[in-house]
Amino acid sequence: MSEERPVVFDVAGDQCLGIVHLPDEPAGLGVVIIVGGPQYRAGSHRQFVQTARYLAAQGFPVFRFDYRGMGDSEGDTRGFDEIADDIGSALQIFAQAAKLEKFALFGLCDGASAAMIYASEDPRIVGLALLNPWVHSKEREAAVRLKTYYGARFLNPDFWKKVVSRQVAWRQSIGEFGSRLILATRSLIQPATSEAPALDFVARMQRSWTAFQGPTLAVLSGDDLVAEEFALLCRKDSAWLRLRSRKTTAVVRFSEADHTFSRAEHALQLDACVSEWLQGLIDISSMQIRTLPRRGLLQRLFLFS
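Now for a look at the structure at hand.

1. Here's the deal with the overall build of the protein chain
When helices and strands are counted, the protein chain shows eleven helices and eleven strands. Scored against the burial criterion, the 305 residues of the protein chain give a buried share of 53%. Sequence-distant contacts, at least 24 apart, represent 71% of the contacts inside the protein chain between residues at least 6 apart. Carbon and sulfur atoms provide 52% of the accessible area of the protein chain, an area that totals close to 14300 Å².

Below you can see the structure in the form of structure tokens.
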């Protein structure tokens, strides 16, 4: 059993709302859920409610909250790369409520990106659970669409039958293909993100993840363009490839899951995956962080890529 209670906390003069999930016998490591996209603390199809309750049932205190400008929190709407103060204040109130000193950040999409940007700033953060991190660019999107959409479309005999019978606007399809091919080519010849003159959000993610020394769990959906962009970046950019290849990084792919793990079986498998990773993250008796062994449920159910 666990207790759930609302908490109001201040961020630069604005009142924000969060929900604390407190197990009867807490494990000693707290989990802060950072919501991504234009949604509030419950998440799509109440995804984060389910995850918080599942993890609390496994003994992990959890905090999910609305940052400024979202849900029930005051303030102006802001981008995911501008919520460091919100995360810091959420951690502070959660630490007081749950009497904790160590935390893992859990985020989906640009919530995962916000977690990566923040992680190296706070020594209380000892782990990152990242679901389909947002690293979008027009060039990467074009490359992914060439692979996942146009490749399958042009190899499909039904497409060409429709072209012959004039059921498809083939000139438009070829034009769109050419435009995306040009963009995708740019992604291969441009300098690495870390060398770009302007420190954009992807470069900030890379810089912070490099500085962060704790374990990372990256979960990628098979049916998701956002996940494919992240996987492409980790293959093509040497700095990201090194981070992806660190011993402290575990990458798990759900081959049939969509962006928000909307199917019940995928959501339950995800929660079990994250719970096992958290169990492996911390030695409760000594509070020493250790590298996650690639075994158990993670290795049995999912493909490391």
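2. Notes on the packing of aromatic side chains
Counted under the stated rule, the structure contains ten aromatic pairs. Consider the rings of F94 and F103, whose centres lie 5.6 Å apart with planes at 45°: the pair is tilted. Both residues of the pair, F94 and F103, belong to the buried class. A connected cluster of aromatic rings, assembled from ring pairs, spans F9, F63, F65, F94 and F103.

3. Some remarks on the environment of S221
Relative to the assigned elements, S221 resides in strand β7 (residues 216-221). For S221 and A257, which are 36 residues apart along the polypeptide, the C-alpha to C-alpha distance reads 5.1 Å. In this structure, S221 is in contact with N132, A227, R253, F254, A257, D258, H259 and F261, ignoring residues within four places of it in sequence. Within the structure, the side chain of S221 is placed 2.7 Å from the backbone oxygen of D258, a separation counted as a polar contact.

4. Section: the pairing of strand β1 (residues 2-11)
Where β1 meets strand β2 (residues 14-23), ten bridges bridge the pair, whose relative direction is antiparallel. By the bridge assignment for β2, F9 is matched with C16. From the end of β1 to the start of β2, which pair antiparallel, there are two residues, and A12 there has a positive phi angle of about 50°.

5. Regarding the pattern of salt bridges
If charged atoms from side chains of opposite charge come close, those side chains can pair. Counted under the stated rule, the structure contains nine salt bridges. Its salt-bridge partner being D81, residue R204 comes within 3.9 Å of it at the nearest N-O pair. Of this pair, R204 sits in helix α7 (residues 201-211) while D81 sits in the loop between β4 (62-65) and α2 (84-98); the two residues are 123 residues apart in sequence, bridging distant segments of the chain. Judged by relative accessible area, which is 25%, R204 ranks as partly exposed. Among the residues examined, D81 registers a relative accessible area of 28% and is labelled partly exposed.

6. Quick look at the packing of helix α3 (residues 110-119) against α7
Taken N-terminus to C-terminus, the directions of α3 and α7 make an angle of 50°; their axes are 7 Å apart at the nearest point. One finds that α3 runs oblique with respect to α7. Read as a crossing pair, α3 and α7 show a hand that is left-handed. Across the interface between the two elements, S113, M116, I117, Y118 and A119 of α3 pack against F201, R204, M205, S208 and W209 of α7. Partitioned by chemical class, the residues of the contact of α3 with α7 number seven nonpolar, two polar and one charged.

7. Quick notes on the side chain of S137
By the secondary structure assignment, S137 is in the loop between β6 (125-131) and α4 (138-154). With a relative accessible area of 15%, S137 lands in the buried category. Here R140 takes part through its backbone nitrogen, which lies 3.0 Å from a polar atom of the side chain of S137.

8. Section: the nonpolar core
Counting residues in each nonpolar core, the largest one holds 50 residues, and the members touching the most others are I125, L128 and W240. Those residues in contact with I125, other than ones at most four positions away along the chain, are L91, F103, L105, Y118, A119 and F212. Formed by 30 residues, the second largest nonpolar core is a distinct cluster that contains F106, L131, A257 and F261.

9. Points about unusual backbone geometry
Peptide bonds are mostly trans, and most non-glycine residues show a negative phi. Although it is not a glycine, H45 sits at a positive phi angle of roughly 45°. Position of H45 among the secondary structure elements: in the loop between β3 (30-34) and α1 (47-57). The backbone phi angle of K99 is positive, close to 55°, even though this residue is not glycine. The residue K99 is located in the loop between α2 and β5 (103-108) in this model.

10. Things to note about the environment of K99
Since its relative accessible area comes to 73%, K99 is described here as exposed. Between the C-alpha atoms of K99 and G30, which are 69 residues apart in sequence, the distance is 9.4 Å.

11. Thoughts on helix α10 (residues 264-281)
With 18 residues, α10 should cover 26 Å at 1.5 Å per step; its first-to-last C-alpha distance of 26 Å lies within 8% of that length. Here α10 has its buried residues at H266, A267, L270, D271, A272, C273, V274, S275, W277, L278, G280 and L281.

12. Here's the deal with α1
Helical geometry: 3.6 residues make up each α-helical turn, so side chains three or four residues apart lie on a common side. Regarding α1, the residues found buried are Q47, F48, V49, T51, A52, L55 and A56. Once α1 ends, the next one or two residues include G59, with phi positive near 105°.

The rules behind these values
- Residues numbered from 1 in each chain as written.
- Predicted model: local features only at pLDDT ≥ 70, side-chain atom pairs only at ≥ 80, totals over all residues.
- Heavy atoms only, no water.
- Helix = DSSP H or I, 4+ residues; strand = E, 2+ residues; numbered from the N terminus.
- Buried < 20%, exposed > 50% of the residue type's maximum accessible area, 1.4 Å probe, protein only.
- Contact = heavy atoms within 4.5 Å.
- Areas by Shrake-Rupley, 256 points an atom, 1.4 Å probe, with all protein chains shown as cover.
- Phe/Tyr/Trp six-rings, centres within 6.5 Å; stacked < 30°, edge-to-face > 60°.
- Polar contact = N/O pair within 3.5 Å; in protein donor to acceptor, adjacent residues only side chain to side chain.
- Pairing = 2+ DSSP bridges.
- Salt bridge = Lys/Arg side-chain N within 4 Å of Asp/Glu carboxyl O.
- Axes fitted to C-alpha atoms, helices over the stretch in contact; angles between N-to-C directions.
- Parallel < 35°, antiparallel > 145°, perpendicular 65-115°, else oblique.
- Left-handed = near helix turned anticlockwise from the far one by under 90°.
- Nonpolar A, V, L, I, M, F, W, Y, C, P; charged D, E, K, R; others polar.
- Core = buried A, V, L, I, M, F, W, Y, C linked by side-chain atoms within 4.5 Å.
- Expected span 1.5 Å × (residues − 1).

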